[in-house]
Amino acid sequence: FTGFGTQIETNMRTRVKFCGFTREPDIQIAVALGVDALGFVLYEKSPRYVSAERVAQLCAHVPAFVNIVGLFVNSTVPQITRILSKTPISTIQLHGDESWNFALNVKKIMQRPVIKAVRVNPQTDWDEVAHYLDQLSGVLLDADSSVYGGSGDGFDWGHIPSELRGKIILSGGLSVDNVKNAIDTVAPYAVDVSSGIELSKGVKDAEKMRLFLERVRG
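First, a word on what this report is: a plain description of the structure on this page. (Residues numbered from 1 in each chain as written. Predicted model: local features only at pLDDT ≥ 70, side-chain atom pairs only at ≥ 80, totals over all residues. Heavy atoms only, no water.)

## Quick word on the sheet that holds strand β6 (residues 138–143)
Within a beta sheet, neighbouring strands are joined by backbone hydrogen bonds and run either parallel or antiparallel to one another. The sheet built from 8 strands closes into a barrel, its strands ordered β1-β2-β3-β4-β5-β6-β7-β8 with parallel pairing. Of the pairings in the sheet, the one linking strand β2 (residues 37–41) to strand β3 (residues 67–72) comprises 5 bridges and is parallel in character. Note on β3: the bridge partner recorded for A37 is N67. Strand contacts of helix α4 (residues 100–110): β4 (91–94), β5 (114–120) and β6, with the helix running at about 165 degrees to β5, the strand carrying the most contacts. Of the strands in this sheet, β1 (15–19) and β8 (190–193) are in contact with helix α7 (residues 206–217), which crosses β1 at around 160 degrees. (Pairing = 2+ DSSP bridges. Helix = DSSP H or I, 4+ residues; strand = E, 2+ residues; numbered from the N terminus. Contact = heavy atoms within 4.5 Å. Axes fitted to C-alpha atoms, helices over the stretch in contact; angles between N-to-C directions.)

## Describing the nonpolar core
Across soluble globular proteins, nonpolar side chains show a tendency to be buried alongside one another. Of all hydrophobic cores here, the largest spans 60 residues; its most connected members are F18, F40, L170 and F212. Counting residues per element, this core draws most heavily on α7, which supplies 5 residues. With residues up to four places along the chain from it excluded, the contact list for L170 reads L141, F155, W157, I160, A182, V186, P188, A190, V191 and D192. In this structure, I115, A117, I169 and A190 belong to the second largest nonpolar core, which totals 6 residues. (Core = buried A, V, L, I, M, F, W, Y, C linked by side-chain atoms within 4.5 Å. Buried < 20%, exposed > 50% of the residue type's maximum accessible area, 1.4 Å probe, protein only.)

## Details of helix α5 (residues 126–133)
Restricting attention to buried positions, one finds in α5 the residues W126, V129, Y132 and L133. When α5 is viewed along its axis, its buried side chains cluster within an angular range of 130 degrees and face the same direction. Looking at where α5 begins, the residue whose side-chain oxygen comes 3.2 Å from the main-chain nitrogen of D127 is D125. (Arc of directions from axis to C-beta. Polar contact = N/O pair within 3.5 Å; in protein donor to acceptor, adjacent residues only side chain to side chain.)

## A word on the pairing of β6
Across the 6 residues of β6, 6 count as buried, placing the element largely inside the fold. Strand direction decides the pairing type here: β5 and β6, joined by 6 bridges, are parallel. Residue pairing in the sheet places I115 in a bridge with G138 of β6. Considered for its hand, the β-α-β crossover made up of β5, α5 and β6 is right-handed. Where β6 lies against strand β7 (residues 169–170), 2 bridges are found, and the strand directions are parallel. In the sheet register, L141 faces β7, and the bridge partner there is L170. (Right-handed = clockwise from strand over helix to strand, strands pointing away.)

## Re a negative patch on the surface
Together, D125, D127, E128 and E163 make up a region of like negative charge exposed at the surface. As for its position among the elements, D127 is in helix α5. For D127, a relative accessible area of 66% translates into the label exposed. (Patch = residues over 30% accessible without salt bridge, like charges linked within 9 Å, V, L, I, M, F, W, Y side chains within 5 Å. Areas by Shrake-Rupley, 256 points an atom, 1.4 Å probe, with all protein chains shown as cover. Salt bridge = Lys/Arg side-chain N within 4 Å of Asp/Glu carboxyl O. Lys, Arg positive; Asp, Glu negative; His and termini not counted. Charge placed at Lys NZ, Arg CZ, Asp CG, Glu CD.)

## Quick notes on the packing of helix α6 (residues 179–186) against α7
Packing of α6 against α7 brings their axes to within 8 Å, and their N-to-C directions diverge by 30 degrees. Looking at the two axes, α6 sits roughly parallel to α7. Remark: the crossing between α6 and α7 carries right-handed chirality. When α6 is examined against α7, the residues V179, K180 and I183 are found in contact with a partner set consisting of F212, R215 and V216. Its residues placed into classes, the contact of α6 with α7 shows 4 nonpolar, no polar and 2 charged. (Parallel < 35°, antiparallel > 145°, perpendicular 65-115°, else oblique. Left-handed = near helix turned anticlockwise from the far one by under 90°. Nonpolar A, V, L, I, M, F, W, Y, C, P; charged D, E, K, R; others polar.)

## Things to note about the packing of aromatic side chains
Taken as a whole, this structure holds 3 aromatic pairs when the rule is applied. Residues W100 and Y132 carry aromatic rings whose centres are separated by 4.9 Å and whose planes lie at 5 degrees to one another, so their mutual orientation is stacked. Of the two residues, W100 sits in helix α4 while Y132 sits in helix α5, which places them 32 residues apart along the sequence. Judged on exposure class, the residue W100 and its partner Y132 are both buried. Lying over the aromatic face of W100, K116 brings its terminal NZ or CZ to 5.0 Å of the ring centre. (Phe/Tyr/Trp six-rings, centres within 6.5 Å; stacked < 30°, edge-to-face > 60°. Lys NZ or Arg CZ within 6 Å of the ring centre and 35° of its normal.)

Rendered as structure tokens:
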């Protein structure tokens, strides 16, 4: 199968991305626990922002087969290109107001997997989501918050059409307390968490990371 957006009909395990890293010790713990992907926020207005140079430092000792994801918000192609040239980012996550066509263009130009975030609300066009889902490497569903990710807000999973549930990346307000219910209810391809595993913004809680992965795998 080709990526996040296409799933073989089988009992595949749920992938896990921890996002918003700013410290080496947190990354070391996450990797030791077996997380699938590490996310870094390249959006300067975020409290979890890290520069391209800092991402390179943080990822200097990340082992093979751990996906390094860069989160961008309304960045231009030249801005994304500049950051990718300085970092080992392997997957691009567009978490702003980017259009679907922009996401496809970034995928073509950068020759890297692209994930597009969708903030779920009553106006969400699920036919549009379904149309583009298999053209990108993933569609991430998040809460319709006033901030771009990491708000801790959730949304009603009942809005997600049943035929899309096994293909999407689920985010928005996930925590140790609700991730098992999320997987039982939605059965997503992957889950993405930031604030739900933190002591404070950008500072991860080792026990919450351990418990989160334990609940996912359980």
